[in-house]
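# Chain and residue survey
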Amino acid sequence: MLKKITLLLALVIMTASIIEAQWSNQGAWPTSNPNSGQNHATAVDGEGKIWVGRWASVNHAVAPGDTVKGVYLLYVYNPDGTQAPFSPIWKILNDTMRNTTNRGMRTNIDGNILVATGGPALYLVDHKTGLGLKKATLAAAPTAPAVANDGTIFIGPVSPGAFPVSMYDQNLTLIGSAIEKAPGFSRSFEVSKNGNTIYWAGYTTGKVYVYNRADEFSAFALKDSIMQGARCESFTWQPGTGYLWMAGGSMNDKPDAGSGFTPGSWYAYDFTSKKVVDSMKWAFRDPANPVERPRALAFSLDGKIAYLGSFGTGTTDLVQKVVQGGTDVKKLEELPTGYELSQNYPNPFNPTTNIKFSIPEQGFVSLKVYNTIGEEVATLLDTFKGVGTYEVSFDASQLASGIYMYKLTTGTVTLSKKMLLVK
């Protein structure tokens, strides 16, 4: 009987609230990288190294006293930010990357890297040596490829209408067409693990099209669409979760009004609940910069670190590192009746307190703490949240005694209250 009561109490506690870990953007990465902007491709290989393809060309010394101009380099970084011995890569097989912009990358099933270029071509590159292994010549400028667990490689055209989404085997031999005419201009897409579903976003169409086939012998057909209002330019699966992450849009191609998506952000889609369940944001240097486009995303092998890339210019970061962790947010079972920010408790407090808020509409939510002269001293939350009531714990052990203001900001509402820290 006691065991049953204990189990029942445990179930009540588990269902009363859900702890949600947040993402913390740590800024430009690696800090030693002198290059900036125009990230067009990012992937993490089978050893956890981070591959970055830069759109713009640079002058690169191939041998002492020799300079090759206009080379489109691939950079390969170890997780600690140092470059791999063979990085940067300026040639794949016998092709000098002088007039062949990087269009996208994806990790193959063997841990090697698939590199799509504006040649147009698709290469398979050894992730341990940086040497090219295979090449397929393509008919049109390609998107980033996608790979199913059986090794089928899918790749599509950037421009709509004229060329199909094609399938290749592991020898980079053409199998056939999956979609005869893909809609909208595209930079990236994804496929399900079994290869029977394609998630295609022509980012100019404002949605993600879902194509499905019954099995590998059947034809693909348009079945559905998701992410209504989003203008996705980058896709990837998060290891360990089953979530498909998709970009919301850029300053130039903004998400549709009322969609809940914002420029420079990525969203996790859960196919079980058929909802967006998580998000992360690009840290803009200039909030109004229209050329910072969310074009690249890759996860560490354990799925707890994200490497974001933006197709920008000037001082835009080439890569930003985002780490799962930071403030834990508890989702309560209370149903929201409107936007609400409760008084923190306890208050006064030392050094921790709890802040509860409710939102009746999904969207980005920011919860920040300010001192009496308006300086921001803590960011407790800055992410996408679904409808619900939440509770955040605030640790002020690094702050001095005094009055502080905490402010909740959504797309349409700003609420604030004061709290007193007494040490």
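Below is a short write-up of the structure. (Residues numbered from 1 in each chain as written. Predicted model: local features only at pLDDT ≥ 70, side-chain atom pairs only at ≥ 80, totals over all residues. Heavy atoms only, no water.)

### Digging into the pairing of strand E31 (residues 376-385)
As paired elements, strand E30 (residues 363-370) and E31 share eight bridges and run antiparallel to each other. Its bridge partner being in E31, Ser-366 is matched across the sheet by Asp-382. Hairpin connection from E30 to E31: five residues lie between these consecutive antiparallel strands, with Gly-374 at a positive phi of about 85 degrees. (Pairing = 2+ DSSP bridges. Helix = DSSP H or I, 4+ residues; strand = E, 2+ residues; numbered from the N terminus.)

### Re the sheet that holds strand E6 (residues 74-77)
Here we have three strands laid out as an open sheet, ordered E2-E3-E6, and antiparallel in their pairing. Looking along the sheet, the strands with just one partner apiece sit at the ends: strand E2 (39-44) and E6. Averaged over all neighbouring strand pairs, the angle between strand axes comes to 20 degrees, with direction disregarded. (Axes fitted to C-alpha atoms, helices over the stretch in contact; angles between N-to-C directions.)

### Examining empty space enclosed by the protein
Per the stated rule, a full pass over the model turns up one cavity of 30 Å³ or more. Along its surface, the largest cavity is lined by 15 residues, and Met-105, Ala-144, Ser-188, Arg-295 and Ala-296 are the ones closest to its centre. If you list the elements that add at least two residues to the lining of the largest cavity, you get E2, strand E9 (102-107) and strand E25 (293-299). Per element, the largest residue contribution to the lining of the largest cavity is four residues, and it comes from E9. The class makeup of the residues in the lining of the largest cavity is six nonpolar, five polar and four charged. (1 Å grid on protein atoms, 1.4 Å probe; cavity = no way out; pocket = protein on both sides within 12 Å on 5 of 7 lines; lining within 4 Å. Points joined across faces, edges and corners; volume = space filled by probe spheres on them. Nonpolar A, V, L, I, M, F, W, Y, C, P; charged D, E, K, R; others polar.)

### What to know about the sheet that holds strand E17 (residues 189-191)
Judged by pairing direction, the sheet is antiparallel, and its four strands sit side by side in the order E17-E18-E19-E20 without closing on themselves. Each end of this open sheet is capped by a strand with a single partner; those strands are E17 and strand E20 (221-226). Along the sheet, successive strands turn relative to each other by an average axial angle of 20 degrees, direction set aside. In the sheet, strand E18 (residues 197-200) pairs with strand E19 (residues 208-212) via four bridges, with the strands oriented antiparallel.

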